[in-house]
Amino acid sequence: IIIYIKMSLIELLKGYNKLKPEPNILILGLDNAGKTTLLNYLTHEDNKNTKPTPGVNAKSIQCGGIKLNVYDLGGQKAIREYWKYYYEKVDALIYVVDASDEGRIDECNDSFQSLLKDEKLDKVPVLAYGNKADLPNCLGPDEIIEKLKMNDITGRDWSLYACSALKGTGVKDGIKWILEKLSQ
Ligand code: G3D
Ligand code: MG
């Protein structure tokens, strides 16, 4: 019998006792990018009942006194329209890209560039996921880095990981990168 145990954020957090207290991680991306799927994967829960705009799908995870807030926001509107729902300081940003949807990559880049310009996200480390990497003919990491002009990013740390939020592959590596950034 094969018992498949899903990676969870809580399991990953165990190795990070120097993590800053109560970090806020914001998950953003265009609609259909896979944000809710990612949230479901990280929390082992079905968050599907919370549909995109205008609601904010917020998830708080407690682990040994550590609170990790994951915010899953729809991507259809400018980020500014969401700030009325959001008052806490953001410590890290996860930007989910649908790597299988080349047709929307310019729109995806526009949204990403406006995020980078937002003063509320100034200096905030950015983890980009090239999601849906399980699908054929996906944009590869190098292509996404180029399309999103990530090599031009200054004043903040960034990284990009290919992943499949659906299958879980690659998710852990990205989360580890963020946890390192949030560790003092
Ligand atoms: P969103 O919350 O960013 O809007 P969702 O996106 O998490 O709702 O995902 C949108 C659709 O993409 C869903 O399909 C979901 O199953 C699919 N999806 C998300 N991540 C992956 C992935 O890694 N691989 C594949 N193949 N599909 C993914 P449905 O059909 O439910 O609309
Ligand atoms: Mg969603």
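The coordinates are above.
Residues numbered from 1 in each chain as written. Chains lettered and ligands numbered in written order. Predicted model: local features only at pLDDT ≥ 70, side-chain atom pairs only at ≥ 80, totals over all residues. Heavy atoms only, no water.

### Brief notes about the pattern of salt bridges
Link 1 in the chain: Under the counting rule described, the total for this entry stands at six salt bridges.
Link 2 in the chain: For aspartate 157, the salt bridge is made with lysine 181, and the minimal N-O distance between the two is 3.4 Å. Note that aspartate 157 is positioned in the loop between helix 4 (141-147) and strand 6 (158-162) and lysine 181 in helix 5 (residues 171-181), a separation of 24 residues in sequence.
Link 3 in the chain: Among the residues examined, aspartate 157 registers a relative accessible area of 40% and is labelled partly exposed.
Link 4 in the chain: Overall, the relative accessible area of 36% leaves lysine 181 in the partly exposed class.
Link 5 in the chain: The structure contains a network of salt bridges with shared partners spanning Asp31, Arg104 and Glu107. (Salt bridge = Lys/Arg side-chain N within 4 Å of Asp/Glu carboxyl O. Helix = DSSP H or I, 4+ residues; strand = E, 2+ residues; numbered from the N terminus. Buried < 20%, exposed > 50% of the residue type's maximum accessible area, 1.4 Å probe, protein only.)

### Quick notes on empty space enclosed by the protein
Link 1 in the chain: All chains considered together, the criterion is met by two cavities of 30 Å³ or more.
Link 2 in the chain: The calculated volume of the largest cavity comes to roughly 80 Å³.
Link 3 in the chain: Residue lining of the largest cavity: Leu30, Asp31, Asn32, Ala33, Val96, Val97, Asp98, Asp101, Arg104, Ile105 and Cys108, and that is the complete set.
Link 4 in the chain: Counting residues per element, the ones that place at least two in the lining of the largest cavity are strand 4 (92-98) and helix 3 (105-117).
Link 5 in the chain: If one sorts the elements of the lining of the largest cavity by residue count, strand 4 sits on top with three residues.
Link 6 in the chain: The class makeup of the residues in the lining of the largest cavity is six nonpolar, one polar and four charged. (1 Å grid on protein atoms, 1.4 Å probe; cavity = no way out; pocket = protein on both sides within 12 Å on 5 of 7 lines; lining within 4 Å. Points joined across faces, edges and corners; volume = space filled by probe spheres on them. Nonpolar A, V, L, I, M, F, W, Y, C, P; charged D, E, K, R; others polar.)

Read these as spatial facts, not as claims about activity.
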